[in-house]
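Below are the chains, spelled out letter by letter.
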Amino acid sequence: LGGAKDIIIFDATGRSCGLSDLKGNAVVLNFFTSWCPPCKAELPAFEKAYKSYGDQVIFLMVNLVGWEESPTDGKKFIEDSGYTFPVYYDLDATADIKYDIESIPQTFFINKDGKIADHHSGLITYAGLVSGINKIK
């Protein structure tokens, strides 16, 4: 699957985070929007996985702002849903381009060496998340 491409994403306060800053850590990278039914359906599994594995892997939940969504829409959805996993925003639409995201949701499992160990296109289950996490932790 190759090496993970560096992206710059932003947290709710506007602080930037680069994927390259996380090298040496296992990362679960997910691309979603708040209006996408499969995305919304998988987010409870991500919350459960975050609570179980958040001390072993880094979760980067990337809200695709350019996909007919504003950062405000994404933030409100996450707050209203009570999710505690970290959410970042692809403010300049470069992350989805670098990862060739043509449909959502998409989940990438990146090992400590910065290599993509697994990828899942479409709705992922909790069991699927655990399987991917076990390949990178």
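The coordinates are above.
In this report, we go over the structure that sits alongside the text.

Cut-offs and rules
Residues numbered from 1 in each chain as written. Predicted model: local features only at pLDDT ≥ 70, side-chain atom pairs only at ≥ 80, totals over all residues. Heavy atoms only, no water. Disulfide = S-S within 2.5 Å. Buried < 20%, exposed > 50% of the residue type's maximum accessible area, 1.4 Å probe, protein only. Phe/Tyr/Trp six-rings, centres within 6.5 Å; stacked < 30°, edge-to-face > 60°. Helix = DSSP H or I, 4+ residues; strand = E, 2+ residues; numbered from the N terminus. Lys NZ or Arg CZ within 6 Å of the ring centre and 35° of its normal. Lys, Arg positive; Asp, Glu negative; His and termini not counted. Salt bridge = Lys/Arg side-chain N within 4 Å of Asp/Glu carboxyl O. Contact = heavy atoms within 4.5 Å. Core = buried A, V, L, I, M, F, W, Y, C linked by side-chain atoms within 4.5 Å. Axes fitted to C-alpha atoms, helices over the stretch in contact; angles between N-to-C directions. Parallel < 35°, antiparallel > 145°, perpendicular 65-115°, else oblique. Left-handed = near helix turned anticlockwise from the far one by under 90°.

## Observations regarding the state of the cysteines
Part 1: On inspection of all chains with the given rule, the structure shows one disulfide.
Part 2: Two residues, Cys36 and Cys39, share a disulfide whose sulfurs are 2.5 Å apart. Disulfide Cys36-Cys39: torsion about the S-S bond near 80°, hence right-handed.
Part 3: Taking the relative accessible area as the measure of exposure, Cys36 reaches 3% and is therefore buried.
Part 4: A disulfide-free cysteine, Cys17 has its sulfur positioned 20 Å from the sulfur of Cys39, the nearest such atom.

## Focus: the packing of aromatic side chains
Part 1: This structure, assessed with the given rule, holds six aromatic pairs.
Part 2: With a centroid separation of 5.7 Å and an interplanar angle of 45°, the aromatic rings of Phe31 and Tyr99 are classed as tilted. Of this pair, Phe31 sits in strand β3 (residues 27-32) while Tyr99 sits in the loop between α3 (95-98) and β6 (106-110), and the two are 68 residues apart along the sequence.
Part 3: One Lys or Arg, Lys48, reaches over the ring of Tyr126 and ends 4.2 Å from the middle of that ring.
Part 4: Sitting over the ring of Tyr89, Lys75 keeps its end group 5.6 Å from the ring centre.

## Regarding the side chain of Glu42
Part 1: Relative to the assigned elements, Glu42 resides in helix α1 (residues 37-53).
Part 2: Among buried Asp, Glu, Lys and Arg side chains, Glu42 stands out as unpaired, with Lys40 the closest opposite charge at 13 Å.
Part 3: Beyond its immediate stretch of four places on either side in the chain, Glu42 contacts Asn30, Pro105, Thr107, Gly122, Leu123 and Ile124.

## Details of the side chain of Ser34
Part 1: Structurally, Ser34 is set in the loop between β3 and α1.
Part 2: Classification of Ser34 by relative accessible area gives buried; the value is 12%.
Part 3: The contacts of Ser34, once residues within four sequence positions are left out, are Lys40, Asn63, Glu69, Asp73 and Phe77.

## Concerning the nonpolar core
Part 1: Membership of the largest hydrophobic core comes to 46 residues, with the highest contact counts inside it found for Val28, Leu29, Phe31, Phe46, Leu60 and Tyr99.
Part 2: Those elements that place two or more of their residues in this core are β3, α1, β4 (58-63), α2 (71-81), β5 (87-89), β6 and α4 (126-136).
Part 3: Not counting the four nearest positions on each side in its chain, Tyr99 is found in contact with Ala4, Lys5, Ile7, Leu19, Leu29, Phe31, Phe108, Ile110 and Ile116.

## Re the packing of α1 against α4
When two helices pack together, their arrangement is given by the angle between the helix axes and by the axis-to-axis distance.
Part 1: Interaxial distance between α1 and α4 falls to 9 Å at its minimum, and their mutual angle equals 40°. With respect to α4, the element α1 is oriented oblique. In this structure, α1 crosses over α4, and the sense of that crossing is right-handed. Judged by residue contacts, Ala45, Phe46, Lys48, Ala49, Ser52 and Tyr53 of α1 engage Tyr126, Leu129, Val130 and Ile133 from α4.

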